Amino acid sequence: PRRAPPPVPRHNRVRARHRTSPLPPNTMSAFALGANALHGAAVALGRSNAVKTRGVGYGRAIRRVVVVPTRCAATETVEKIEIKLPPNDGKVRVRFAPSPTGNLHVGGARTALFNWLYARNLGGTFVLRVEDTDQARSTRESEDAMVRDLKWMGLDWDEGPDCGGPYGPYRQSEREAIYKQLALQLVADGHAYPCFCTDKELTVMKEELEAKKLPPKYMGKWSTASKEEVDAELAKGTPHTFRFRVPVGERVEIDDMIRGKVGWDTDTLGDFVLLRSSGLPVYNFCVAVDDATMGITHVLRAEEHLPNTLRQALVYDALNFPRPKFGHMSLILAPDRSKLSKRHGATSVGQFKDQGYLKQTMINYLSQLGWNDGTEQEIYDTTELIKLFGVDRINKSPAVFDTQKLNWMNGQHIRLMPESDQIEMIGAALVIAGLASDTASPYVKKAVALCANGIELVQDATKEVSAILEYPLEANLADAKMIKIFEDDFGDIVDAVVAGFESGELVKSIETGQFKSFVNAVGKKLDRKGKRLFMPFRVALTGRMQGPEVGDVLSLLVAEGAPETTVSLEKRVETLKAASAAWAK
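None of these values were measured; they are calculated from a predicted model.

### Some thoughts on the overall build of the protein
When you go through the protein residue by residue, the secondary structure sums to 21 helices and 21 strands. Counting over 585 residues, the protein shows a buried share of 51%. Counting only contacts in the protein whose residues sit at least 6 apart along the sequence, the fraction spanning at least 24 positions is 75%.

Structure below.
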């Protein structure tokens, strides 16, 4: 049966008369509530376009509710605040609202990116809001780290805690007076009530429902308590929360931009808390209030927030706030189809940045997690994404985070960089690793040219260059594959290398870029060609059977600026001479 609110004593009733009135546009002069008295207010709500929420339409006319001062139970002293609703000018307003309780997870980064792309594509406004009401876990350090990561990705916002805006503050911890004022308004309108249940009572209530295999719903007495009972607890200063009075027997529906029609029966939901006894707001209340008072028109978020939509929609409707359009994106899963977590490796933007991934890569890759433009294209720059992005192409199926594909994509973006940017970025990594003294030397330029086309991460360059500078011939003497090369008249190639070095012909061929001609000339003398010619030269001069072109390696060894740790060409020839007896005929 529908649960009706308790009758209000005549002396405690709020009398209202409605009329159309030319108030300032989109302004809500909120209730000023005195101690146990409603001192009066004017509320003007509306948007220029007609919207419909739970069957209630709001047209162009602005309606004023004039409240006659009368006694009202369960009210407290709050300072009057003017709360403005942004005008509905037809422009998109979206937001990213992280909780600063840790690092920026890739899931949150994708949410931020999709909202940013949507706003930039449509010429709308992107708002950054910090949801820091969890005092035990929220820190300014986490907030600063998230802001740094967002800026590193190249995402900018039009309104936020660092740049301000017309509908701030943009931290929830600085908006408590707004939440309190609107919670008391809901009490005055009969949509909420104070609840004095203790934690023990609530636990017993939950256990009883679980024993009966019923959903956990509030079944306490305070939803139907009399004024005298409420006043008695208030007089004693009993700690209390404020609960929202959930309507019975109704159905709430949204037209999700990604999932289509989604609905809930209100009978599945018990009366939920709006404000804790500490005065702090509960998530679903402050989110709805913030989105409405900041004029958010579209809410794009992860599907894990879908169950929250019912509570938020009820709050919107009770406050006569128009609902935004919702779009719930699929979760990001690990390759094993479980929820992506730390056990799968790096999961935060900061970690990927530190591991050498480019911001272009992160933007490109995250954009592909649940969205595509309908083509086979995989590599995009940010300008292309802004032009192509649309909610209609967001897929509701789960997206899988594939690190191998991320690595491949990072390598593609490294190769798309201008040569000067490659030299600056990879050169800096070489300097940090002690493999170069500065980024401007000819050596660095040659080192970057050697490795840029084969690496996926910037750090890969340091490993590759370090390997090029080494000469592991002696360590590889026992390698079975190398032994076959040694047994095929390897001594003849060694003799040719030593003779060419001592005559200066080898060094000259390296400096003039004619090393291949030097090798071919030796091959002609020894009647060797192909792999039988080039592989022993590679082994003799690099100590390995794989790697970049041997001529390019030797050119790096003799370049100006090579580090002291380099095994020079001279030292390599000395090693060959010392071991030449083993390969002599």
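Here the narrative resumes, following the displayed structure.
### Quick word on the environment of Leu 369
You can see Leu 369 is positioned in the loop between α9 (359-367) and α10 (382-388). Considered as a pair, Leu 369 and Leu 333 are 36 residues apart in the sequence and their alpha carbons are 9.8 Å apart. With sequence-adjacent residues up to four places away left out, Leu 369 is seen in contact with Arg 110, Phe 114, Ile 332, Ala 399, Val 400 and Phe 401.

### With respect to the nonpolar core
One recurring pattern in soluble globular proteins is that nonpolar side chains are buried together. Of all hydrophobic cores here, the largest spans 57 residues; its most connected members are Ile 426, Tyr 443, Phe 515, Phe 537 and Val 539. Excluding residues within four positions of it along the chain, Val 539 makes contact with Tyr 471, Leu 473, Met 482, Ile 485, Phe 486, Phe 490, Arg 544 and Met 545. In terms of nonpolar packing, the next biggest core, distinct from the first, is built from 47 residues, Val 106, Phe 114, Val 147 and Ile 363 among them.

### Remarks on the confidence of the model for the protein
Of the residues in the protein, 85% have a pLDDT of 70 or more, and the chain-wide mean is 85. Overall, residues 1-75 carries pLDDT values under 50, and its contacts beyond four positions in sequence, including any with other chains, amount to 183 contacts.

### Quick look at the side chain of His 413
Positionally, His 413 belongs in helix α11 (residues 403-416). In contact with His 413, other than residues within four places in its own chain, are Leu 358, Gln 360, Thr 361, Asn 364, Ile 379 and Tyr 380.

### Considerations on empty space enclosed by the protein
In this approach the atoms are scanned with a rolling probe the size of a water molecule, which exposes any empty space left behind. Enumeration according to the criterion identifies 2 cavities of 30 Å³ or more in this entry. Of the pockets and cavities examined, the largest cavity occupies roughly 40 Å³. Along its surface, the largest cavity is lined by Pro 98, Leu 128, Val 130, Glu 143, Met 146, Val 147 and Leu 150. It is helix α2 (residues 140-153) that provides the largest number of residues to the lining of the largest cavity, a total of 4 residues. The class makeup of the residues in the lining of the largest cavity is 6 nonpolar, no polar and 1 charged.

### Structural notes on the packing of aromatic side chains
A complete count under the given rule lists 14 aromatic pairs for this structure. The interplanar angle of 35° and the centroid separation of 5.6 Å between the aromatic rings of Trp 371 and Phe 389 together place this pair among those described as tilted. Note that Trp 371 is positioned in the loop between α9 and α10 and Phe 389 in the loop between α10 and β21 (399-400), a separation of 18 residues in sequence. By the burial criterion, Trp 371 is buried, and Phe 389 matches it. In textbook terms, an aromatic cluster arises when at least three aromatic residues are bridged by ring pairs, as seen for Phe 114, Trp 371, Tyr 380 and Phe 389. Here Arg 311 stacks its cationic end above the ring of Phe 272, 5.8 Å away from the centre of that ring.

### Observations regarding the packing of helix α6 (residues 283-293) against helix α7 (residues 308-318)
Interhelical geometry of α6 versus α7 gives an angle of 55° and a closest axis separation of 9 Å. Looking at the two axes, α6 sits oblique to α7. At the point where α6 passes α7, the crossing takes the right-handed sense. Contacts between α6 and α7 involve Tyr 283, Asn 284, Phe 285, Val 287, Ala 288, Asp 291 and Ala 292 from the former and Asn 308, Arg 311, Gln 312, Val 315 and Tyr 316 from the latter. Looking at the contact of α6 with α7, its residues break down into 7 nonpolar, 3 polar and 2 charged.

### Focus: the pairing of strand β19 (residues 325-329)
Among the 5 residues in β19, 4 count as buried, and that is most of the element. With α7 bridging strand β18 (residues 298-302) and its parallel neighbour β19, the resulting β-α-β unit is right-handed.

### Some details on unusual backbone geometry
Comment: phi is negative for the bulk of residues other than glycine, and the bulk of peptide bonds are trans. At the junction of Gly 168 and Pro 169, the peptide bond is cis and its omega measures out at 0° in the coordinates. Within the element layout of this structure, Pro 169 appears in the loop between α2 and α3 (176-188). In this structure, Asn 320 is a non-glycine residue whose phi angle is positive, near 60°. We classify Asn 320 as partly exposed; its relative accessible area is 34%. A positive phi angle, close to 75°, is found at Arg 337, a residue other than glycine. Note on placement: Arg 337 falls in the loop between β20 (332-333) and α8 (349-354).

Rules used in this analysis
- Residues numbered from 1 in each chain as written.
- Predicted model: local features only at pLDDT ≥ 70, side-chain atom pairs only at ≥ 80, totals over all residues.
- Heavy atoms only, no water.
- Helix = DSSP H or I, 4+ residues; strand = E, 2+ residues; numbered from the N terminus.
- Buried < 20%, exposed > 50% of the residue type's maximum accessible area, 1.4 Å probe, protein only.
- Contact = heavy atoms within 4.5 Å.
- Core = buried A, V, L, I, M, F, W, Y, C linked by side-chain atoms within 4.5 Å.
- pLDDT = per-residue confidence, 0-100.
- 1 Å grid on protein atoms, 1.4 Å probe; cavity = no way out; pocket = protein on both sides within 12 Å on 5 of 7 lines; lining within 4 Å.
- Points joined across faces, edges and corners; volume = space filled by probe spheres on them.
- Nonpolar A, V, L, I, M, F, W, Y, C, P; charged D, E, K, R; others polar.
- Phe/Tyr/Trp six-rings, centres within 6.5 Å; stacked < 30°, edge-to-face > 60°.
- Lys NZ or Arg CZ within 6 Å of the ring centre and 35° of its normal.
- Axes fitted to C-alpha atoms, helices over the stretch in contact; angles between N-to-C directions.
- Parallel < 35°, antiparallel > 145°, perpendicular 65-115°, else oblique.
- Left-handed = near helix turned anticlockwise from the far one by under 90°.
- Right-handed = clockwise from strand over helix to strand, strands pointing away.

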